[in-house]
Amino acid sequence: MKAEELAVPGAWVFTPPVFPDARGAFAAPFQAEVFAGTVGHPLHVAQANTSVSGRGVVRGLHYADVPPGQAKYVQCSAGALLDVVVDIRVGSPTFGRWDAVVLDAESLRAVYLSEGLGHAFLAFADHTVATYLCSTAYNPGAEHGVNPLDPDLGLPFTEYIPADDLVLSAKDTAAPSLAEARDADALPDAEACRARVAALVAGG
């Protein structure tokens, strides 16, 4: 398993070896020992989510209040998607920076994003299946969003799918811009995120 930190601190891409044969292929996209050695603490899985999306569907940009926040380990098991991680931690030196990774059923790569980061993806194909291992359970009162088409963020969705073909939920369409969310004091604080991760490391 290869692990590489992304341009957004606190996010990594994990690439497992894939073993093809006449029947198909096999891989282990999550390996606890490699994960803990890379991130510094084990992944506590409180909930596993699966979404099925058509071509052009954008999900996100989503995040959760910190503490406790919600870390995610995201894998694509059918189809293909562009997975995007955004630093929305107020006070972070990389605030507003994003990085993107193509996840698909051939490479079986996965992206991990720690507490306080924003997450979105664009499905490239119909019946794209994404699975998220989440560190905390669904809590609607603590979950929020930023408009993924915020021009100031400049996420690269229209480089892959024409703007008229993008499909967003009503909730994501109505989400505030990053600047609006910051002005409303609705974004995670970088120091609170650092403290949360430090507590996880200390707890082993």
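Residues numbered from 1 in each chain as written. Predicted model: local features only at pLDDT ≥ 70, side-chain atom pairs only at ≥ 80, totals over all residues. Heavy atoms only, no water.

(A) Structural detail: the packing of aromatic side chains. Counted by the stated rule, this structure contains 9 aromatic pairs. Taking 6.4 Å as the distance between ring centres and 45 degrees as the angle between the ring planes, the aromatic pair formed by Phe 121 and Tyr 132 counts as tilted. In this pair, Phe 121 sits in strand β11 (residues 117-123) while Tyr 132 sits in strand β12 (residues 128-134), placing the two residues 11 residues apart along the sequence. Accessibility classification places Phe 121 together with Tyr 132 in one group, the buried group. Grouped by ring-pair contacts, the aromatic residues Trp 12, Phe 14, Phe 30, Phe 35, Tyr 73 and Tyr 112 constitute a single cluster. (Phe/Tyr/Trp six-rings, centres within 6.5 Å; stacked < 30°, edge-to-face > 60°. Helix = DSSP H or I, 4+ residues; strand = E, 2+ residues; numbered from the N terminus. Buried < 20%, exposed > 50% of the residue type's maximum accessible area, 1.4 Å probe, protein only.)

(B) Inspection of the pattern of salt bridges at higher detail. Overall, the coordinates contain 3 salt bridges when judged by the stated rule. Among the ionic pairs, Asp 87 bridges to Arg 89, the shortest N-O distance being 2.9 Å. By relative accessible area, which is 10% here, Arg 89 ends up buried. A salt bridge links Glu 191 to Arg 194, with the shortest nitrogen-to-oxygen separation between them at 2.8 Å. Placement of both Glu 191 and Arg 194 in helix α4 (residues 190-203) is noted, with a separation of 3 residues, approximately one turn of the helix. (Salt bridge = Lys/Arg side-chain N within 4 Å of Asp/Glu carboxyl O.)

(C) The arrangement of the side chain of Lys 72 in detail. Its place among the elements puts Lys 72 in strand β7 (residues 72-78). In this structure Lys 72 is buried but unpaired, with Glu 143 as the nearest side chain of opposite charge at 6.4 Å. Discounting chain neighbours no more than four positions away, the residues touching Lys 72 are His 62, Val 111, Tyr 112, Leu 113, His 119, Tyr 132, Leu 133 and Cys 134. (Lys, Arg positive; Asp, Glu negative; His and termini not counted. Contact = heavy atoms within 4.5 Å.)

(D) Structural context of the nonpolar core. Val 146 and Phe 157 are the most contacted members of the largest nonpolar core, which totals 18 residues. Contributions of two or more residues to this core are made by β6 (58-64), β8 (80-87), β11 and α3 (178-183). With residues near it in sequence (within four places) discarded, Val 146 still touches Gly 60, Leu 61, Tyr 63, Leu 153, Ala 175, Pro 176, Ser 177, Leu 178, Ala 181 and Leu 187. In this structure, Val 8, Leu 103, Val 111 and Leu 117 belong to the second largest nonpolar core, which totals 17 residues. (Core = buried A, V, L, I, M, F, W, Y, C linked by side-chain atoms within 4.5 Å.)

(E) Expanded view of unusual backbone geometry. A cis amide bond links Gly 60 with the next residue in sequence, Leu 61, at an omega value of 15 degrees. Assignment of secondary structure puts Leu 61 in strand β6. Here Val 66 and Pro 67 are connected by a cis peptide whose omega angle stands at 0 degrees. With a phi close to 55 degrees, Leu 108 is a non-glycine residue in the positive phi region. Within the secondary structure, Leu 108 sits in the loop between β9 (98-104) and β10 (110-113).

(F) Structural view of the sheet that holds β10. In spatial order, the strands read β1-β2-β10-β7-β12-β5; together these 6 strands make up an open sheet with antiparallel pairing. The open sheet has two edge strands, β1 (2-5) and β5 (47-53), and neither has a second partner. Each adjacent strand pair in this sheet contributes to an overall mean axis angle of 20 degrees, direction not counted. Sheet topology places strand β2 (residues 11-15) next to β10; 4 bridges connect them, and they run antiparallel. What sits directly across from Ala 11, in β10, is Leu 113. Packing against the sheet, helix α1 (residues 32-39) makes contact with β1, β2, β7 and β10, and its axis sits at approximately 150 degrees to β2. (Pairing = 2+ DSSP bridges. Axes fitted to C-alpha atoms, helices over the stretch in contact; angles between N-to-C directions.)

(G) Seen up close, α4. Here α4 is 14 residues long and its end C-alpha atoms lie 20 Å apart, about the 20 Å a rise of 1.5 Å per residue gives. Of the residues that open α4, the one with a side-chain oxygen 3.0 Å from the backbone nitrogen of Glu 191 is Asp 189. Gly 204, located one to two residues past α4, shows a positive phi value of around 75 degrees. (Expected span 1.5 Å × (residues − 1). Polar contact = N/O pair within 3.5 Å; in protein donor to acceptor, adjacent residues only side chain to side chain.)

Honestly, that's just the spatial picture; any functional story needs more than this.
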